[in-house]
Amino acid sequence: LSPWSPANAGLVAVAQRATEELAGSTSSTPGAWLPSLLRCLSALLRGGVLPEAACKAVGNSLRLLLGDARAPLKLRAEAWSTHAEVCIATKAVDEFRVSLVYAVRHLSGLDATGARIASVLQRLPGEYLVGARPILEGLCGAAFPLQIAGLAAAAAVAKRSDVAPDVASVAEALLRSTNEERSKAAVSDGWGEPSPENWQAKRRRLLLELLRVPEEPRVPSGHAAKGDPELHRLCEAARQRLDDWLRAGQ
């Protein structure tokens, strides 16, 4: 049925009312009902009930809400999820990529946001996933249970034929590394030392985690960087261990 058929008239009315309520809420203190309203709008957007003009109106209201530093993080996380649905409905690829950067910068402290991002990544066309590599790495390297959501997203991305090669290869590598680590975790030579295959899988996991660690932020002008002797010793020891691994693998 068409979204504007008589059979869907009730949903259309709900969508129109929800859009009006959202527009009014951004100019006043958000009510306790707003998260439920956002979830309702997300469902309506996924169902294709809102016309393009209404989608754009919702997107404008959501951008105002996301830009309001006074709004609670959990509310902004819900708004981000709805905004992602707007981007999908309106094919706003560039806007979605900007939205991903926003989520990483401002909402990464919430596991619920990571789960929402993983859910969205599973449904996106390949053009939306350009630049999604660090997000996939971060989600797959997160603690349980968020890691499960990241692995589900990586599995979906790896099977897609329209995904950029660099993103697809990273998704496959993340899945392969995790699979090796988990499948061989119980494999050992009897009750003694782990098998060589298990050691190799663990090394790959550790190296992937090391590569995910962000670079140290720049020290602001006028501030001296503080030395850390213990960190220096650990780095020297780690470098020696990596050299040993390289020599052993030649």
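Our subject in this report is the structure included herewith. Quick caveat, the model's predicted, so the values are computed rather than measured.

Time to look at unusual backbone geometry. Cis geometry marks the peptide bond from F144 to P145, where omega comes out at 10°. The topology assignment puts P145 in the loop between helix 7 (133-140) and helix 8 (146-158). With a phi close to 60°, K91 is a non-glycine residue in the positive phi region. Given the relative accessible area of 66%, K91 is considered exposed.

Turning to a nonpolar patch on the surface, a few remarks are in order. Side chains of L207, L210 and V213 sit close together on the surface and give an oily, nonpolar patch of about 260 Å² of accessible area. Mapping V213 onto the fold places it in the loop between helix 10 (196-212) and helix 11 (229-249).

Counted by the stated rule, this structure contains 2 aromatic pairs. With a centroid separation of 6.3 Å and an interplanar angle of 45°, the aromatic rings of W80 and F96 are classed as tilted. Taken together, the residues span a long stretch of sequence, with W80 in helix 4 (residues 73-90) and F96 in helix 5 (residues 93-106) at a distance of 16 residues. Judged on exposure class, the residue W80 and its partner F96 are both buried. Among the aromatic residues, those joined into a ring-pair cluster are W80, F96 and Y128.

The next subject is the environment of S108. Its location among the elements puts S108 in the loop between helix 5 and helix 6 (111-123). Residue classification places S108 among the exposed positions, given a relative accessible area of 55%. On a C-alpha basis, the gap between S108 and G138 in space is 9.9 Å, while along the polypeptide they are 30 residues apart. Within the structure, S108 has its side chain in polar contact with the backbone oxygen of V104 (distance 3.0 Å).

Within the largest apolar cluster, 55 residues are counted, with the highest numbers of intra-cluster contacts made by L50, W80, F96, L121 and L136. Looking at this core, the element that brings in the most residues is helix 4, giving 7 residues.

Before going further, it helps to examine helix 4. For helix 4, built from 18 residues, the straight-helix expectation of 26 Å at 1.5 Å per residue is met to within 8% by its first-to-last C-alpha distance of 25 Å. The element helix 4 is extensively covered by neighbouring structure, given that 13 of its 18 residues are classed as buried. Phi turns positive one or two residues past the end of helix 4, at K91, with a value near 60°.

Evaluated as defined, the whole model comprises 13 salt bridges. E78 serves as the salt-bridge partner of R39, at 3.1 Å between the closest nitrogen and oxygen. Here E78 lies in helix 4 and R39 lies in helix 2 (residues 34-46), a separation of 39 residues in the sequence. Across the salt bridge formed by R160 and D162, the nearest N and O atoms sit 3.5 Å from each other. Since its relative accessible area comes to 41%, D162 is described here as partly exposed. Members of the salt-bridge network, linked through shared partners, are R39, E78 and R116.

Calculation rules
- Residues numbered from 1 in each chain as written.
- Predicted model: local features only at pLDDT ≥ 70, side-chain atom pairs only at ≥ 80, totals over all residues.
- Heavy atoms only, no water.
- Helix = DSSP H or I, 4+ residues; strand = E, 2+ residues; numbered from the N terminus.
- Buried < 20%, exposed > 50% of the residue type's maximum accessible area, 1.4 Å probe, protein only.
- Patch = residues over 30% accessible without salt bridge, like charges linked within 9 Å, V, L, I, M, F, W, Y side chains within 5 Å.
- Areas by Shrake-Rupley, 256 points an atom, 1.4 Å probe, with all protein chains shown as cover.
- Salt bridge = Lys/Arg side-chain N within 4 Å of Asp/Glu carboxyl O.
- Phe/Tyr/Trp six-rings, centres within 6.5 Å; stacked < 30°, edge-to-face > 60°.
- Polar contact = N/O pair within 3.5 Å; in protein donor to acceptor, adjacent residues only side chain to side chain.
- Core = buried A, V, L, I, M, F, W, Y, C linked by side-chain atoms within 4.5 Å.
- Expected span 1.5 Å × (residues − 1).

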